[in-house]
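# Results of the structural survey
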Amino acid sequence: VGGELAASVFIEGDGEFLNDGAGLGDGGGAFADLAVGKGDAGGANGLDGTAVEGADEFEHLVVEGKTALAAKAFTDAEAALSTALAMWRGPALADLASELYAQPEIARLEALRLEALEARFEAMLSAGRQKEAVGELQALVSLHPLDERLRAQLMLALYRSGRQADALETYRAFRRLASEELGLEPGPELRELEQAILRQDPSLRPVGATATSQPGN
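This is a predicted model, so every value here is computed, not measured. (Residues numbered from 1 in each chain as written. Predicted model: local features only at pLDDT ≥ 70, side-chain atom pairs only at ≥ 80, totals over all residues. Heavy atoms only, no water.)

## A few points about the side chain of Glu-194
Examined against the element boundaries, Glu-194 turns out to sit in helix H7 (residues 188-198). Buried charge without a salt bridge: Glu-194, with Arg-172 as the nearest opposite-charge side chain at an N-O distance of 5.6 Å. Ignoring sequence-local partners within four residues, the contact set of Glu-194 consists of Met-155, Leu-168 and Tyr-171. (Helix = DSSP H or I, 4+ residues; strand = E, 2+ residues; numbered from the N terminus. Buried < 20%, exposed > 50% of the residue type's maximum accessible area, 1.4 Å probe, protein only. Lys, Arg positive; Asp, Glu negative; His and termini not counted. Salt bridge = Lys/Arg side-chain N within 4 Å of Asp/Glu carboxyl O. Contact = heavy atoms within 4.5 Å.)

Structural data, given as C-alpha cells:
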C-alpha cells in the first residue's frame, strides 16, 4: 500500500469510540489514523469486526499485551488485549472493501485482530478463566472452523471447565472437517492435545490459577 493511501483514512460513521479490534503499523504509515465506521455494538471478542480508530494505538496495545503474556502477567495481558479489541466493529475498512489497493492492508488488519484474540484467550486460559472463554471461543471457531489454534484453545477451555467429553468431540469434529474439506489429518499439536486430554495430563492445568473443576466425562 503506497503513500497515496493516506496516513489518515476516514471511514464513514458516527465517530464514536467502538468495541472490538485489530490494528497496525508505524505512526505516519498508511491507515495510521482511522475514523470509526458504523456497525452494531460488539463484545470483547470482536465478533462484529472493525473499523479501527487509532490503529497505532491498537498495535501498541497488542504488543503490550503479548509482552505481558510472555512475562506470565496474565491479568495485565488480558486487560491490554481487551482494550485493543474494544477498538473494533464491522469488517476492517469496509468502505474500501472493493478497492484492490486496500486488500493487503485489510488482510493485515484482520490477521492482527485474530492474533490479538488468540493471545487474549491464551491469557484467560492461563489465568484459570476457562468458563468465561468457552462461549466466545465457540463463536470464533464457528467463524474460523479450520483454525487449529482456536480449536485447541476451545478444547482446553472445555476440558478445564470439567467438560472432557465435549473437548474430545471438538477434536473429532475438527478431524472430520479437515478430512472432508482438505483431505488432511489434524496437525501434531492438536493430536498431542487430544491425547493429553484423554489421559487427563496434569500439565493441562492452568499455570496462573488452580482449576475450579475436575475434568470428567
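## What to know about helix H2 (residues 74-85)
A rise of 1.5 Å per residue sets the reference length of H2, with its 12 residues, at 16 Å; its end C-alpha atoms lie 16 Å apart and thus fit the reference within 8%. Looking at H2, one finds that the buried residues are Phe-74, Ala-77, Glu-78, Ala-80, Leu-81, Ser-82, Ala-84 and Leu-85. The elements touched by buried residues of H2 are helix H1 (55-70) and helix H3 (103-126). (Expected span 1.5 Å × (residues − 1).)

## Comments concerning the packing of aromatic side chains
The description of two aromatic rings rests on the distance between their centres and on the angle between their planes. Tallying each qualifying case throughout the model produces 1 aromatic pair. One Lys or Arg, Arg-120, reaches over the ring of Phe-121 and ends 5.6 Å from the middle of that ring. (Phe/Tyr/Trp six-rings, centres within 6.5 Å; stacked < 30°, edge-to-face > 60°. Lys NZ or Arg CZ within 6 Å of the ring centre and 35° of its normal.)

## Structural notes on the nonpolar core
Grouped together as the largest cluster of nonpolar side chains are 49 residues, with contacts concentrated most on Phe-58, Phe-121, Leu-137, Ile-197 and Leu-204. Mapped by element, the contributors of at least two residues to this core are H1, H2, H3, helix H4 (130-143), helix H5 (148-160), helix H6 (164-182) and H7. For this core, the element with the highest residue contribution is H3, accounting for 11 residues. Leave out the neighbours within four places in its chain, and Leu-204 touches Leu-156, Tyr-159, Arg-160, Leu-193, Ala-196 and Ile-197. (Core = buried A, V, L, I, M, F, W, Y, C linked by side-chain atoms within 4.5 Å.)

## A look at a nonpolar patch on the surface
Nonpolar side chains collect at one region of the surface, where Leu-146, Leu-182 and Leu-184 lie side by side and expose about 260 Å² of accessible area between them. With respect to the secondary-structure elements, Leu-184 resides in the loop between H6 and H7. On the basis of relative accessibility, which here comes to 49%, the residue Leu-184 falls in the partly exposed class. (Patch = residues over 30% accessible without salt bridge, like charges linked within 9 Å, V, L, I, M, F, W, Y side chains within 5 Å. Areas by Shrake-Rupley, 256 points an atom, 1.4 Å probe, with all protein chains shown as cover.)

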